[in-house]
Each structure stands twice: as C-alpha cells, then as structure tokens.
Number of protein chains: 2
Amino acid sequence: MGTKNGAIVTKLEHPPGVPFSSDEVEKALKEHKPHVLYVAQSESSTGLLQPVEKLGSICHQNNCLLVVDTVASLGAAPFFMDRWEVDVVYSATQKAISCQTGLAPISFSSRAREKIASRKTKVQSYVFDVNKNMVQWGVDGVAKKYHHTYSSTLLLSLREALSMIAAEGLEQMWKRHSENTKRLCNGIEELGLELFIKDPAYRLPTVTAICIPEGVESPGSLNAYCMEKHKVEFGAALPPLVGKVWRIGIMGYNSTEWHTNKALSVFKDGLLHIGYTPKAAKVKAEL
Amino acid sequence: MGTKNGAIVTKLEHPPGVPFSSDEVEKALKEHKPHVLYVAQSESSTGLLQPVEKLGSICHQNNCLLVVDTVASLGAAPFFMDRWEVDVVYSATQKAISCQTGLAPISFSSRAREKIASRKTKVQSYVFDVNKNMVQWGVDGVAKKYHHTYSSTLLLSLREALSMIAAEGLEQMWKRHSENTKRLCNGIEELGLELFIKDPAYRLPTVTAICIPEGVESPGSLNAYCMEKHKVEFGAALPPLVGKVWRIGIMGYNSTEWHTNKALSVFKDGLLHIGYTPKAAKVKAEL
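Residues numbered from 1 in each chain as written. Chains lettered and ligands numbered in written order. Predicted model: local features only at pLDDT ≥ 70, side-chain atom pairs only at ≥ 80, totals over all residues. Heavy atoms only, no water.

- Looking up chain A in an unreviewed UniProt entry gives the name Aminotransferase class V domain-containing protein, with the organism given as Amphimedon queenslandica.
- Comment text from UniProt for chain A, heading Cofactor (unreviewed entry), reads "pyridoxal 5'-phosphate".
- Within the UniProt record for chain A, the comment given under Sequence similarities (unreviewed entry) is "Belongs to the class-V pyridoxal-phosphate-dependent aminotransferase family." (UniProt positions renumbered as here; feature names shortened; annotations may be inferred.)

Section: the sheet that holds strand β6 (residues 106-108) of chain A
Residue and element names in this part refer to chain A.
- Here 4 strands make up an open sheet; going across it, the order is β1-β4-β5-β6 and the pairing mixed. For this open sheet the edge positions go to β1 (36-40) and β6, each flanked by a neighbour on one side alone. Across this sheet, the average inter-strand angle for adjacent strands is 10°, counted without regard to direction.
- Where strand β5 (residues 88-90) and β6 come together, 3 bridges link them in antiparallel fashion. Bridged to V88 within β6 is F108. (Pairing = 2+ DSSP bridges. Helix = DSSP H or I, 4+ residues; strand = E, 2+ residues; numbered from the N terminus. Axes fitted to C-alpha atoms, helices over the stretch in contact; angles between N-to-C directions.)

A word on the interface of chain B and chain A
- Listed per partner, the contact involves 23 residues of chain B and 23 residues of chain A.
- With both chains or domains summed, chain B and chain A bury close to 1800 Å², and 50% of this area falls on carbon and sulfur atoms.
- Considering only the surface of chain B that becomes buried against chain A, B:K4, B:T101 and B:Q124 emerge as the three largest contributors, covering 36% of it.
- For B:D129, the salt bridge is made with A:K4, and the minimal N-O distance between the two is 3.7 Å.
- Our count for the chain B to chain A interface comes out at 9 residue pairs in polar contact (both at pLDDT 80 or more).
- Among the elements that line the side of chain B that touches chain A, the one with the most residues is helix α5 (residues 152-168) of chain B, at 3 residues.
- Its residues placed into classes, the side of chain B that touches chain A shows 7 nonpolar, 12 polar and 4 charged. (Contact = heavy atoms within 4.5 Å. Buried area = accessible area lost by both parts, 1.4 Å probe. Salt bridge = Lys/Arg side-chain N within 4 Å of Asp/Glu carboxyl O. Polar contact = N/O pair within 3.5 Å; in protein donor to acceptor, adjacent residues only side chain to side chain. Nonpolar A, V, L, I, M, F, W, Y, C, P; charged D, E, K, R; others polar.)

Structural notes on the domain arrangement of chain A
Residue and element names in this part refer to chain A.
- We note that the domain assignment places domain 1 (3-90 + 104-124) and domain 2 (169-286) within chain A.
- Using only C-alpha atoms to locate each centre, domain 1 and domain 2 end up separated by 29 Å.
- Taken over both partners, the interface formed by domain 1 and domain 2 buries close to 1500 Å², and the fraction arising from carbon and sulfur atoms is 70%.
- On the domain 1 side of the contact with domain 2, S45, G75 and A76 bury the most area, a combined 31% of that side's loss.
- Our enumeration of links across domain 1 and domain 2 arrives at 0 salt bridges.
- Where domain 1 meets domain 2, there are 5 residue pairs in polar contact (both at pLDDT 80 or more).
- Among the elements of the structure, β2 (42-43) and β3 (48-49) are those that each provide at least two residues to the side of domain 1 that touches domain 2.
- By residue class, the composition of the side of domain 1 that touches domain 2 is 11 nonpolar, 8 polar and 1 charged. (Domains from an automatic or database assignment.)

Concerning the relation of the copies chain B and chain A
- For the pair chain B and chain A, the superposition axis carries a translation of 0.0 Å, the fit reaches an RMSD of 0.0 Å, and the rotation angle comes to 180°. The superposition of one copy onto the other is thereby described by a two-fold rotation axis. Proximity to the rotation axis, assessed at the C-alpha, singles out B:S125 in chain B; its C-alpha lies 3.5 Å from the axis. (Least-squares fit on C-alpha atoms with pLDDT ≥ 70 in both.)

Digging into the packing of helix α7 (residues 220-230) of chain B against helix α8 (residues 257-273) of chain B
All names here are of chain B.
- Look at α7 against α8: their axes get within 9 Å of each other, and the N-to-C directions meet at 120°. If you check the angle between α7 and α8, you find them oblique. Where α7 crosses over α8, the two elements pack in a sense that is right-handed. Taking contact as the criterion, the partners of S221, L222, Y225, C226, K229 and H230 in α7 are, on α8, V266, F267, D269, G270, L271 and H273.
- Looking at the contact of α7 with α8 residue by residue, the classes come out as 6 nonpolar, 4 polar and 2 charged. (Parallel < 35°, antiparallel > 145°, perpendicular 65-115°, else oblique. Left-handed = near helix turned anticlockwise from the far one by under 90°.)

Brief notes about helix α1 (residues 22-32) of chain B
All names here are of chain B.
- Where α1 is concerned, the buried positions are V25, A28 and L29. All buried residues of α1 project into a common sector of 100° when viewed along the axis, lining one side. Away from its buried face by more than 90 degrees, α1 exposes D23, K27 and E31.
- Against the buried residues of α1 lie β1 (36-40) and α2 (55-61).
- Where α1 ends, the next residue or the one after it, K33, has phi of about 50°, a positive value. (Buried < 20%, exposed > 50% of the residue type's maximum accessible area, 1.4 Å probe, protein only. Arc of directions from axis to C-beta.)

See the structure below:
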C-alpha cells in the first residue's frame with residue numbers, strides 16, 4: 001500500500017515466525033531514517049505475537065511515527081497505545097472483539113494527528129480522508145458535519161461487543177485467551193506435533209500455527225475433512241508457509257475451554273483421517 | 001474526486017433543478033472530448049430526476065464512457081443499464097432498496113471493464129481496486145481469491161431486500177413511488193406552496209423539494225419542530241439551496257399512501273408552527 005501511494009518502502013525481513021528485537025529495529029531506523037515504521041503486533045499467518053512495547057520510544061527518538069496492526073490481537077493480548085507511545089493503531093472487529101466483519105477501528109496519537117493535519121498533498125480517497133472523518137466523528141468537539149454514510153448497524157453491534165468486553169474486563173479477556181492458547185498448545189504437543197513458534201512468549205493468543213510433520217502429503221485434506229465431517233474450519237496456510245503449517249484460530253467469545261477441547265478432538269480426528277497417528281493415540285492403543 | 005486523482009475535470013453547470021438536454025451534453029462532449037461523463041440520475045438536493053436514457057449512445061459515439069449515480073433513484077425510477085448503454089452504475093442500499101446503510105452496489109459494462117483492465121498506473125486504494133475485487137467477486141468464473149473482508153451481515157440484508165423487490169416487481173415499485181410522489185406533490189400544491197421542480201416529468205420519485213415562500217424567516221425551525229413534536233425528519237437543504245427549499249424524502253418500504261399523508265399532515269402542522277398559514281387551512285377556516 002505504501003508503494004502504491006508513492007512512498008519509498010524498505011522491508012525488514014526475518015525468517016517467518018521470528019520476532020524483531022528492539023535493537024534490530026533501532027539499527028534499521030538509524031540506517032533508513034523512515035518517517036513511519038509499520039509493524040504487525042499480530043502476525044497471524046505464523047501465529048507470531050511481535051513485542052511492540054519498546055518500539056514507540058525508539059521511533060520517537062528517531063523522528064519516526066509508529067503504526068501498529070492489531071487485527072488479530074486487540075482484546076486478546078495486552079496493548080497500551082499511550083504507554084507504549086504508539087501513533088496509529090488499527091484493528092478489526094470480527095476477531096477477539098467478537099463483533100461482525102465490516103469495521104476497522106482506528107486510533108491516532110496527537111503526533112499522528114499533527115502529521116495528518118499538516119499534510120500538503122490532496123488525499124485521493126474520499127472515505128479515507130482522515131481530516132474529514134475527524135470532523136464527522138466530532139473529535140475536538142468540532143461541530144459534526146456529514147461526510148459519508150457509514151453503517152449504523154455495524155456501529156451499534158460494535159458498541160454492544162465493547163459493552164460485553166467492558167463487563168468482562170480487558171485483563172480477564174487477556175487471561176482467558178492466554179489460558180486457552182496454553183491449553184491448545186499443550187494438547188498439540190501431547191499429540192506429538194511441534195508448534196511453529198517455539199517460544200511461548202511470542203505465541204499469539206488467537207491463532208496457533210502447527211508444523212506439518214514429515215511425510216504428510218496432502219495436509220489440506222485435513223482441513224477439508226474437518227469442515228465436511230465436523231463443521232469445524234481450520235485456517236488455510238498463507239504464503240510463505242503453504243504446506244508447512246496448519247492453523248487453529250480460537251478467539252473472542254469462542255476462546256473457551258470447551259471450544260479448545262473441541263478443536264483438539266476434531267484436529268486429532270483429522271490427523272487420523274489423513275493417516276497420521278498422533279502420539280496420544282498410540283499411547284491410548286498401548287494401554 | 002476526479003481532481004483529487006489527477007483528472008482534468010470540466011463541470012457542466014445549470015441553474016439548480018434544471019435537467020441537461022441530450023443536445024447540450026452532445027455539444028459539450030464534442031467540445032471537451034472527455035474520457036468519462038459523470039451524471040447523477042437522482043439529484044437529490046433539488047429533487048431532480050435527470051433523464052439519462054439517451055446519454056449512453058451519445059457518449060459512445062464520442063469515445064466516452066458514461067457513469068451514472070443512481071443513489072436516490074435505483075428501485076424508485078426506471079433504469080435500464082444495458083438498454084441505455086450505461087458503463088458504470090452505482091447506488092446505495094439505504095434509499096429505495098430499503099436495506100441498511102453501509103453498502104454501495106456497483107456494476108460495470110464490458111466497455112468499462114476493458115478500460116479498467118487495461119489501466120497502466122497503480123490503483124492507490126486497496127479496497128477499491130476493482131480488478132482485484134472482480135476476482136474476489138468471482139466474475140468470469142475466475143477462482144475466488146481472498147482480497148478484503150467485507151460485511152457478510154450487510155450482504156445478507158441486501159439479499160433479503162432484493163428478494164422483497166423481486167417479490168413486488170420492479171415495475172410495481174416504480175408505479176408505487178410515482179403515485180405517492182404525485183400524491184405528495186398534489187398535497188403540497190393544495191397547501192398553496194410551489195414545488196422546486198416545475199415539470200412533473202423531472203421530479204425524483206423519492207425526494208421532493210418545496211420552495212420556501214417569501215417572508216419565512218427561519219425555515220429550519222419547521223424541521224426542528226417536526227422532529228421534536230412528531231418524530232418526523234424532513235431533509236435539511238443542501239448548498240446552493242440552503243434557505244430556499246424544504247425537502248421531503250419518502251422512499252422504498254416507506255413509499256405508501258399512509259406515510260405520504262402522514263408527511264403532509266406533519267408538514268402542514270410545521271407550517272402553522274412557523275406562522276405560515278397554508279391555503280388549505282384558510283379554506284377550512286372559511287367553511
């Protein structure tokens with residue numbers, strides 16, 4: 001998207017599933033001197049939780065704004081926009097927030113707002129003109145002015161979803177996601193399989209990637225079988241991990257002990273279907 | 001929007017509420033030689049229904065594509081994309097379609113599709129990249145590919161709204177809108193007021209603009225009173241007609257005799273509230 005809009009984009013690349021350290025980021029900022037650093041807290045194709053708490057201050061020491069994608073983590077993992085000095089955060093409503101698809105909540109720091117307000121070139125998009133949106137949203141108590149028609153239905157749904165989050169408490173939500181992900185990871189390891197993210201500290205509490213063991217020829221048939229037989233959908237792998245991982249997503253309202261155990265038992269049945277005998281099944285047969 | 005995206009835009013201007021004739025359009029096309037002609041079938045700030053049936057062939061004789069905005073007319077007034085040789089049509093779901101806000105249906109002719117497919121510059125928007133959307137929509141039977149997450153809730157609502165339209169029949173919907181608009185216009189004239197669009201053939205069957213008579217100092221107080229007292233909202237006037245017209249919108253599911261009579265009686269009460277004595281009220285008092 002940056003390139004499409006005329007920005008000069010430099011990618012920092014790592015082997016999939018390995019988080020960036022703050023030292024690496026600092027070194028790159030000093031070398032490339034970007035105006036904006038973009039990072040995904042939730043790298044859902046690998047199941048990686050990228051630590052972002054130190055990146056804001058590093059960015060600001062280097063005259064750079066920090067933009068964080070929290071699509072698959074907001075509500076499931078701790079996130080402190082102000083404390084971590086994050087300038088732009090966006091997310092999605094249909095993941096841990098447990099609302100419907102179709103909205104993308106976004107928030108701006110005062111640094112980001114100044115940058116946007118001082119922009120000199122025209123915004124090519126109509127609906128994504130943030131300065132105009134801010135007037136419609138009524139930030140700063142500015143009189144609201146009609147800019148575009150959004151979905152009041154979805155906005156009301158989001159309000160309801162947020163009220164459920166407020167009732168449970170964010171800390172409790174983070175704890176619940178963390179516990180169920182540990183339960184899922186333990187269950188996967190008990191089946192004799194390996195998790196793609198080795199260090200539990202960097203595992204997303206919403207999406208878990210599982211290494212496809214040697215000798216499995218058609219891993220996609222597990223997904224198709226589980227959908228057909230059990231009406232349970234596991235995530236398809238995304239590049240560059242196609243054929244390398246299965247992905248299990250459990251989040252929001254569904255992050256419960258029951259759903260986790262259900263996912264594990266369906267996944268195990270899927271493994272048997274494709275001819276892979278899980279370790280736990282072996283143990284059971286030996287008893 | 002055109003200017004923002006680097007296009008050279010020439011505006012054809014008329015006094016508000018006067019339709020463009022096909023001869024005028026033809027002359028302008030020959031003079032300016034544009035690649036695209038954009039026209040609103042439904043000019044809702046004045047209540048004008050712009051005839052568009054001849055514009056497509058005129059455009060194509062002049063190597064120009066025709067884009068038509070049908071936001072406030074689709075479902076309420078006849079529209080024939082293929083027969084009228086329209087290249088791009090877009091609309092909204094929350095007007096005559098009687099669905100929710102949040103979707104904008106769009107359709108392309110094969111001419112428009114060729115133009116889009118042969119585009120050489122990058123599309124700056126992610127979600128509005130039509131070539132990519134077409135793959136996600138599965139047009140041409142191309143394998144569907146995930147591009148962006150849209151609102152399945154709204155899409156399902158639209159399907160339901162369209163099934164209601166199919167059950168009633170488009171011709172019947174056009175007739176219903178036409179009859180209720182005539183009923184509304186007659187009622188307004190019986191109150192001694194003048195309609196902004198003089199020729200009934202050019203009146204939108206969804207939004208009716210009423211000339212504010214001489215001597216009314218604060219026409220907006222009628223709207224505020226009707227909202228407060230009757231919970232009926234009349235449309236605020238938009239530039240360049242602020243202070244010149246009131247607007248009554250009745251469309252879709254609500255285009256009924258009952259709603260029309262209700263709007264008329266509330267509007268009449270609003271007139272009395274602001275100190276304007278409608279002719280019909282005078283007649284009644286004389287009896």
